[in-house]
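# Notes for the structure review
Each chain, written out:
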Amino acid sequence: MIRLTFSTAGRVLSSGLRRFSGISGGEITEDGCDLADCPPFTRRASLYVHWPYCLRRCSYCNFNKYIPRGDNHRVMMECLQRETETLLQLSQVSSITSVFFGGGTPSLSHPSTVSTLLEAVRAILSEEAEVTLEVNPTPEGMSKLEDFCSAGVNRFSIGVQSLQDEDLKSLGRDHSSHQAVRTIEEARRLCPGRVSVDVMFGRSKQSVESWETELSEVLRVCDDHVSLYQLTLERGTQLFKRVQLGEVAVPSDDVTAEMYQRARRSLHQHGFHQYEVSNFARHNSVSHHNLNYWRGGQYIGVGPGAHGRFVPLGEGGALREARTQTLEPDVWIREVQQRGHGTRRRIQLGHLELLEEVLVMGMRMTEGITDEHWKMFSPKAGLRDVFGTSSDVQRLLHDGQLILDDRGLRCSWDGLAILDSILPALLLELERLTPTL
């Protein structure tokens, strides 16, 4: 699932939104952004499938994941299939452009789960659809890669996180650096040019120099896509508690900022193009699924705790909804068996909320937001109309952190590294002008 790393994104998903429960919502009374008559946004979507189980919980992780108490692969597969069919009917989409199996650890699932889910969307699955599976690089994960390819997967995202065995142990990972390299090699053999590697920086005891050395090792074995993530301390995790108690120290903000900048330069020197805050690709091997998120496209989320954004045309809806499925797997299974879905919360996105999401997600990309794209969501006012007269925005433009021109609105190379400090000014200006849009 896509990771939101900036605190300002939180208010986008929570401020001023109406809440609903169940599959049918109340009457629409809020002045939202009617997308029902805009086929490009309502007739196609990506599909995200959440497999909630892991064999163990990593010390830094607060994702929605559970340790399985028994073998319930079949019931999970059946419920994922049923919820997919229910939400597809509700959305009335005619094309699924990409599928992403995330978690949790979806490589723990049976390949038959993947083939069953893909069969459920076969009639509307695009011929060029990207089908990604997240993989934990253990011997078990590696041994199933070929079967997953036979089931329909054509892209792998491998959670390497580190090539230092001591750090992997500290993070609570259940693989070694050697196993990670072997898994990358096997994945590249099966899906050449379509393998992504996740790497984490800002780890305990890590220095700028050791990070550069490790990144060089990653670049020697990786394929054409690399995702960099800064280690974040999440409340409730084992790592957070250890840092609070002084048992573990993590690098300072200045050090992690330098790690990020050096990684950007190194990846660029090796032919990688940075197309988003955390993502780099060469030979155009971008993640089309994630690009759909960042470009404000619809996506349907199935499985415990999955999130989605789509217009429920099947029940006469006209506004996009933010939807969240029930978190706890056993409860979610019961709900799906009883009513065909486990949707726990529905939030209608008003005009401001929709534009906030388009802004926050779009500014993560190096291409930013084009004026043409913005006007699909805000037909009455272009980017210059909204942001061109703001004194705060003018300062960011003058300082070279932001660019607003005929192409649209985007961060500069330096600005992208401090996006977290740029977004509040843009969000405040958007909120101030929304009544006139």
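One pass over the full model with this rule turns up seven aromatic pairs. With centroids separated by 6.2 Å and ring planes inclined at 25 degrees, the aromatic side chains of Tyr48 and Phe100 adopt a geometry described as stacked. Of this pair, Tyr48 sits in strand β2 (residues 44–51) while Phe100 is found in strand β3 (residues 95–103), placing the two residues 52 residues apart along the sequence. Residue Tyr48 shares its accessibility class with Phe100, and that shared class is buried. Ring centres of Trp51 and Tyr53 lie 5.7 Å apart, and the angle between their planes is 80 degrees; this geometry places the pair in the edge-to-face category.

As a further point, take helix α3 (residues 73–91). Taking 1.5 Å of rise per residue, 19 residues should cover 27 Å, and α3 covers 27 Å from first to last C-alpha, within 8% of that figure. Here α3 has its buried residues at His73, Met76, Met77, Cys79, Leu80, Glu83, Thr84, Leu87, Leu88, Leu90 and Ser91. Summarising the axial view, the buried residues of α3 lie within an arc of 165 degrees, below the 170-degree limit, and thus occupy one face. Every exposed residue of α3 that faces more than 90 degrees away from the buried side is listed here: Arg74 and Gln89. Following α3 by one or two positions, Gln92 adopts a phi angle in the positive range, close to 65 degrees.

All told, the structure shown has 24 salt bridges when counted by the stated rule. The salt bridge involving Glu276 is made with Arg364; its shortest N-O contact spans 2.6 Å. Of the two residues, Glu276 sits in strand β8 (residues 273–276) while Arg364 sits in the loop between α14 (351–362) and β14 (369–370), which places them 88 residues apart along the sequence. Owing to a relative accessible area of 0%, Glu276 belongs among the buried residues under this scheme. Across the pair Lys375 and Asp371 runs a salt bridge whose closest N-O atoms are separated by 3.6 Å. Placement of the pair is Lys375 and Asp371 together in helix α15 (residues 371–377), with a separation of four residues, close to one helical turn. Relative accessible area serves as the criterion here: at 23%, Asp371 is assigned to the partly exposed category. The network of salt bridges with common partners includes Glu212, Glu258, Arg262 and Arg265.

So, about the packing of α3 against helix α13 (residues 329–339). Closest axis-to-axis distance for the α3/α13 pair is 10 Å, and the angle between their directions is 55 degrees. In terms of orientation, α3 and α13 fall into the oblique class. Crossing geometry of α3 relative to α13 is assigned as left-handed. Contacts between α3 and α13 pair Val75, Met76, Cys79, Leu80, Arg82 and Glu83 from the former with Pro329, Trp332, Ile333, Val336, Gln337, Gln338 and Arg339 from the latter. Looking at the contact of α3 with α13 residue by residue, the classes come out as eight nonpolar, two polar and three charged.

What follows covers the nonpolar core. In this structure, Phe156, Leu228, Leu359, Met363, Trp374 and Phe387 are the most contacted members of the largest nonpolar core, which totals 97 residues. The dominant element in this core, judged by the number of residues it contributes, is helix α19 (residues 419–433), at eight residues. Beyond its immediate sequence surroundings of up to four residues, Phe387 is in contact with Leu359, Trp374, Val393, Leu404, Leu409, Leu426, Glu429 and Leu430. Within the second largest apolar cluster, twelve residues are counted, among which are Phe100, Ala281, Trp294 and Ala306.

What counts and how
Residues numbered from 1 in each chain as written. Predicted model: local features only at pLDDT ≥ 70, side-chain atom pairs only at ≥ 80, totals over all residues. Heavy atoms only, no water. Phe/Tyr/Trp six-rings, centres within 6.5 Å; stacked < 30°, edge-to-face > 60°. Helix = DSSP H or I, 4+ residues; strand = E, 2+ residues; numbered from the N terminus. Buried < 20%, exposed > 50% of the residue type's maximum accessible area, 1.4 Å probe, protein only. Expected span 1.5 Å × (residues − 1). Arc of directions from axis to C-beta. Salt bridge = Lys/Arg side-chain N within 4 Å of Asp/Glu carboxyl O. Axes fitted to C-alpha atoms, helices over the stretch in contact; angles between N-to-C directions. Parallel < 35°, antiparallel > 145°, perpendicular 65-115°, else oblique. Left-handed = near helix turned anticlockwise from the far one by under 90°. Contact = heavy atoms within 4.5 Å. Nonpolar A, V, L, I, M, F, W, Y, C, P; charged D, E, K, R; others polar. Core = buried A, V, L, I, M, F, W, Y, C linked by side-chain atoms within 4.5 Å.

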